[in-house]
Amino acid sequence: MSSPQALEDRQEGDDPPGDLRSVLVTSVLNLEPLDEDLFRGRHYWVPITQRLFGGQIVGQALVAAAKSVTEDFHVHSLHCYFVRAGDPKVPVLYQVERTRTGASFSVRSVKAVQHGRPIFILQASFQQIQPSPLQHQFSMPAVPPPEELFDHRTPIDQYLRDPNLYKKYQVGLNRTAAQEVPIEIKVINPPTLSQLQRQEPKQMFWVRAQGYIGEGDMKMHCCVAAYISDYAFLGTALLPDQWQHEVLSVTSLDHSMWFHTPFQADHWMLYECESPWAGGSRGLVHGRLWRRDGVLAVTCVQEGVIRVKPQKSESKL
């Protein structure tokens, strides 16, 4: 993995040396072909839950689907379900079904299999680029540029230095700081320790792939964005109450994405996340990935299971 300083020094759009090539391209999303429309994917980063990272499965499945369409077709949407927990000890097999191949749109279905059983299913729709006079979008939020912000580990270090922080929270924060995720994150307005007790179910952060991808393959940028989109996404639904309850598990149920316009996932993008609803042991989150020039590139929606254990006494930080 490239050093953070070397990556920070690079300028967006420059061609860095080969050793800065993103591990997301060289390893995580580099599937092994086994037969026609059959691929094997291996694991790079496994969360502390010891379950496969959902973004990895979505990204790898989209890579498999993209290999079955011609270069002039690009993904515009995907919808998927996580049906079983992934086993980090064995690879994942991806079986592609060419559901429909049309003149303007093509649909591909992908089934991810471990131990002979499906753990994940995806449907992706691809479209030939077609110009349209009908265009509009929301406005991107006004936020500080990433160059003015600290790495996401900086506020974690500040929390850990606070003498009022309970030891049980120190464990979780230390684990978060130690995670070697192949993406870079800079949080907008990170909360203070006292603000962590109750937050709105909203967060924003700048994000980009660690390393260099380049301009060549738009399909790969979409696959990397699929990987990025699942990181810290469902956690948005936990923000109002995460300190009042012991979180037992957080698991994705489904994930949908719509790709609106070309972008580069190794350039800084603003990820705007919000959770409009939580209940019934589930949480719903919406997300938007904005290019730096204010263009809306990707929209995401996810629902997941959130199981918590009510605290017997009121939490104090």
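The structure under discussion appears in the preceding block.
Residues numbered from 1 in each chain as written. Predicted model: local features only at pLDDT ≥ 70, side-chain atom pairs only at ≥ 80, totals over all residues. Heavy atoms only, no water.

Examining the environment of Tyr212
- Mapped onto the secondary structure, Tyr212 falls in the loop between strand E8 (202-209) and helix H6 (218-229).
- The exposure class of Tyr212 is buried, given its relative accessible area of 17%.
- Note: C-alpha distance between Tyr212 and Val23 (189 residues apart in sequence) is 8.7 Å. (Helix = DSSP H or I, 4+ residues; strand = E, 2+ residues; numbered from the N terminus. Buried < 20%, exposed > 50% of the residue type's maximum accessible area, 1.4 Å probe, protein only.)

Some remarks on the environment of Glu97
- As for its position among the elements, Glu97 is in strand E4 (residues 92-101).
- Taking the C-alpha atoms as reference, Glu97 lies 9.4 Å from Leu38; in sequence the two are 59 residues apart.
- If near-sequence neighbours (up to four positions away) are discounted, Glu97 is found in contact with Val107, Arg108 and Ser109. (Contact = heavy atoms within 4.5 Å.)

Overview of the packing of helix H3 (residues 54-66) against H6
- Packing of H3 against H6 leaves a shortest axis separation of 7 Å and a crossing angle of 160 degrees. With respect to H6, the axis of H3 lies roughly antiparallel. H6 is crossed by H3, and the crossing has right-handed handedness. Facing H3, whose interface residues are Gly55, Gln56, Val58, Gly59, Leu62, Val63 and Ala66, H6 presents Lys219, Cys222, Cys223, Ala226 and Tyr227.
- In the contact of H3 with H6, the residues fall into 8 nonpolar, 3 polar and 1 charged. (Axes fitted to C-alpha atoms, helices over the stretch in contact; angles between N-to-C directions. Parallel < 35°, antiparallel > 145°, perpendicular 65-115°, else oblique. Left-handed = near helix turned anticlockwise from the far one by under 90°. Nonpolar A, V, L, I, M, F, W, Y, C, P; charged D, E, K, R; others polar.)

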